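For reference, the chains in residue letters:
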Amino acid sequence: MYLYNSATHKKELFTPNDPNLVKMYTCGPTVYHFAHIGNLRTYIMEDILEKALRYEGYHVKRVMNITDVGHLASDADTGEDKMLKGAKRENKSVMEIAQYYTEAFFADCEKLNIKKPDIIQPATGCIPEFIAMVQGLLDKGFAYFAGGNVYFDTSKLEKYYVFNDHDEEDLNIGVREGVEEDTNKRNKNDFVLWFTKSKFEDQALKWDSPWGVGYPGWHIECSGISLKYLGEDLDIHAGGIDNAFPHHTNEIAQTESFIGHKWCNYWFHVHHLNTDTGKMSKSKGEFLTVSLLEQKGYDPMAYRLFCLQSHYRRNLVFSWENLDNAAVSYEKLIAKIAQLKNEGEVDTQALEALKEKFLTALRGDLNTSLAVTAVYDVLKAKTNDATKLAALADFDQVLSLNLLQAAAKLRDRQAQEEAASADPEIDALVAARTEAKKAKNYAEADRIRDELKARGIEIIDTPQGAKWRKV
Ligand code: AMP
Ligand code: ZN
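This structure is a prediction, so every number in the text was calculated from the model and none was measured. (Residues numbered from 1 in each chain as written. Chains lettered and ligands numbered in written order. Predicted model: local features only at pLDDT ≥ 70, side-chain atom pairs only at ≥ 80, totals over all residues. Heavy atoms only, no water.)

J.: Where do I start with the coordination of the zinc ion (ligand 2) in this structure?
T.: Four donors placed tetrahedrally about a metal ideally form angles of 109.5 degrees, and six donors placed octahedrally ideally form angles of 90 or 180 degrees. Those protein atoms acting as donors to the zinc ion (ligand 2) are C27 (SG), C222 (SG) and H247 (NE2), and they sit at 2.0 to 2.1 Å. Counting residues between consecutive donors of the zinc ion (ligand 2) along the chain gives the motif C-x194-C-x24-H. Residue C27 is located in the loop between β3 (21-26) and α1 (37-55), and its partner C222 is located in helix α6 (residues 218-230); the two are separated by 195 residues in the primary sequence. Side by side, C27 and C222 carry an identical accessibility label, which is buried. (Donors = N, O, S within 2.8 Å, 3.2 Å for Na, K, Ca; no water. Helix = DSSP H or I, 4+ residues; strand = E, 2+ residues; numbered from the N terminus. Buried < 20%, exposed > 50% of the residue type's maximum accessible area, 1.4 Å probe, protein only.)

J.: What's the story with the site of ligand 1 in this structure? I'm lost.
T.: Lining the immediate environment of ligand 1, one finds 18 residues, of which T30, G38, T42, D242 and L273 sit closest. Within the side chain of N39, one N or O atom sits 3.0 Å away from an oxygen atom of ligand 1. Contact between ligand 1 and D242: an oxygen atom at 2.3 Å from a side-chain N or O atom of the residue. Relative to its unbound accessible surface of 500 Å², ligand 1 loses 95% to contact with the protein. At the level of elements, α1 and β10 (234-240) are the ones that each hand at least two residues to the shell around ligand 1. Among the residues making up the shell around ligand 1, the classes are represented as four nonpolar, 11 polar and three charged. (Near = heavy atom within 4 Å. Polar contact = N/O pair within 3.5 Å; in protein donor to acceptor, adjacent residues only side chain to side chain. Areas by Shrake-Rupley, 256 points an atom, 1.4 Å probe, with all protein chains shown as cover. Nonpolar A, V, L, I, M, F, W, Y, C, P; charged D, E, K, R; others polar.)

J.: How do you make sense of unusual backbone geometry when you look at a structure like this?
T.: Across the chain, the bulk of peptide bonds are trans and the bulk of non-glycine residues have phi less than zero. In the segment running from F245 into P246, the intervening peptide bond is cis, with an omega of 0°. Looking at the secondary structure, you find P246 in helix α7 (residues 244-259). Despite not being glycine, L366 shows a phi value in the positive range, around 55°. In this structure, L366 sits in the loop between α11 (348-363) and α12 (368-380).

J.: It is not clear to me how the sheet that holds strand β9 (residues 215-216) should be interpreted in this structure. Could you clarify?
T.: Sheet strands line up and pair through hydrogen bonds in the backbone, either parallel or antiparallel. Ordered in space as β6-β7-β8-β9, the four strands form an open sheet in which the pairing is antiparallel. Looking at the sheet topology across the chains shown, the edges are occupied by β6 (143-146) and β9. Direction of pairing for β6 relative to strand β7 (residues 149-152): antiparallel, over a ladder of four bridges. Following the sheet pairing, Y144 is matched in β7 by Y151. Its contacts with the sheet place α7 against β7 and β8 (191-195), and it is angled at close to 65° to β8. (Pairing = 2+ DSSP bridges. Contact = heavy atoms within 4.5 Å. Axes fitted to C-alpha atoms, helices over the stretch in contact; angles between N-to-C directions.)

J.: Would you take a moment to explain the pattern of salt bridges for this structure?
T.: Pairing between side chains becomes possible if they bear opposite charge and their charged atoms approach one another. Overall, the coordinates contain 28 salt bridges when judged by the stated rule. Between E129 and K228 there is a salt bridge, and its shortest N-O distance comes to 2.9 Å. Here E129, found in helix α4 (residues 127-139), pairs with K228, found in helix α6; they are 99 residues apart in sequence, far enough to count as distant. Residue class for E129 comes out partly exposed when judged on its relative accessible area of 27%. When the shortest N-O distance is used, the salt bridge between D461 and K437 registers 3.8 Å. Placement of the pair is D461 in strand β15 (residues 457-462) and K437 in helix α15 (residues 424-438), with a sequence separation of 24 residues. Using a relative accessible area of 43% as the deciding quantity, one classes D461 as partly exposed. Residues joined in a network through salt bridges with shared partners are E46, E50, R54, R62, K115 and D118. (Salt bridge = Lys/Arg side-chain N within 4 Å of Asp/Glu carboxyl O.)

J.: How do you make sense of the sheet that holds strand β11 (residues 264-270) when you look at a structure like this?
T.: Read from one edge to the other, the open sheet built from five strands follows the order β5-β4-β3-β10-β11, with strand pairing classed as parallel. What marks the edges here is a single partner per strand, and that holds for β5 (119-122) and β11. Neighbouring strand axes in the sheet, compared pairwise and without regard to direction, differ in orientation by 20° on average. With four bridges connecting them, strand β4 (residues 59-66) and β5 associate as parallel partners. Note on β5: the bridge partner recorded for V63 is I119. In the packing of α1 onto the sheet, contacts are made with β3, β4, β10 and β11, and the angle to β4 comes to roughly 160°. Most of the contacts of α6 go to β4, to which it runs at about 145°, and overall it touches β3, β4, β5 and β10.

Here's what the structure looks like:
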């Protein structure tokens, strides 16, 4: 599989360290609010990546953190802890907020068929690991203690910016929101590994440490959790493009300094979901959630399809009109699949040819829109329905669009509707008309037709016999 690697700025053939096991880390949500559909775009595409790797035959061990401490309002280490902000907003404790929004996040993921990672680790559960890592960085001379906090010293690195092909806007995010200069920092890009001196006396969660009571910085969480569960050689690290800087840049700096060698081989970044006014963002207050889409009558699968129709390395603009188009496409697609009958033997040769197209799409830097086209190709293919159904079931292991389940549901609904509109009296009259026609009693046949017409029923003669419908 070829994947674009943000660290080398090239599409590369993906080769894991261990040919049978892919070690994958993904940055999880900061659980101070609901995830918006922009965040979920990132998780949908990471889900596709994981499933595509499994489809290729790899075992995947995937780890995700839950940020429940240390992510300050600005990615550049200033402002209030987002969790505390959320707790104040809702008059609850930080842990209550964390639990509530963690559950809400996974409920949204389930609606969108986003698989749960193998390991989910809240940051507050790994404090000793973070402390050990900070101590290691101090011992090796990559960190310093100033003004009560421990900072990473970026001047000790040969190269700090590794993702420098991003556009200005992406790189500036951490800096833009940081209105205050931290005078303890020796260099502009230094970042906090451990806080004790927070401006906010009411920081809810604090732990004892060699540097005083405090709490970890956001970046150390992902490094510590990844090292704990996936070891020192990571295959792939994923996140939204806004995480490339400063978050992932800092993760690389501290992890490689700590372990003393290269850490992660591939960096996978999903570009943003934007609205017409810019990036969708939780801190802006007003944002769209999966529940809101449902309230408006959208099937979450329509949103998943909407995301799959565009490439993960392009910004995607959300508008209701665009979502409507995806919803209509989804309905039509399911209606077509519902017409397939599970008849005949699967033609393995035809199935392999269909799969080949699908696999080629995934192998080309996860081209999901081409993968969706491969679904339409199945419907048009000159093969029997059993083969088509087998191909669709196969593709849906990655796409997770509920293709067959939704089609089965639609068929059930259609059968129920038909049953609900059944009327034995009308059926008997239609049968009597058929008998009259057979007996060449056309006057009687016409009389019955007229009687039914007067009752708002139209008879349709089909090769399978006379049917009727209400007009
Ligand atoms: P957060 O919960 O704020 O830590 O963000 C969770 C994930 O969503 C991170 O990987 C972010 O990079 C990503 N993200 C944030 N905003 C957007 C957006 N508008 N579109 C796509 N991904 C986003
Ligand atoms: Zn992270």
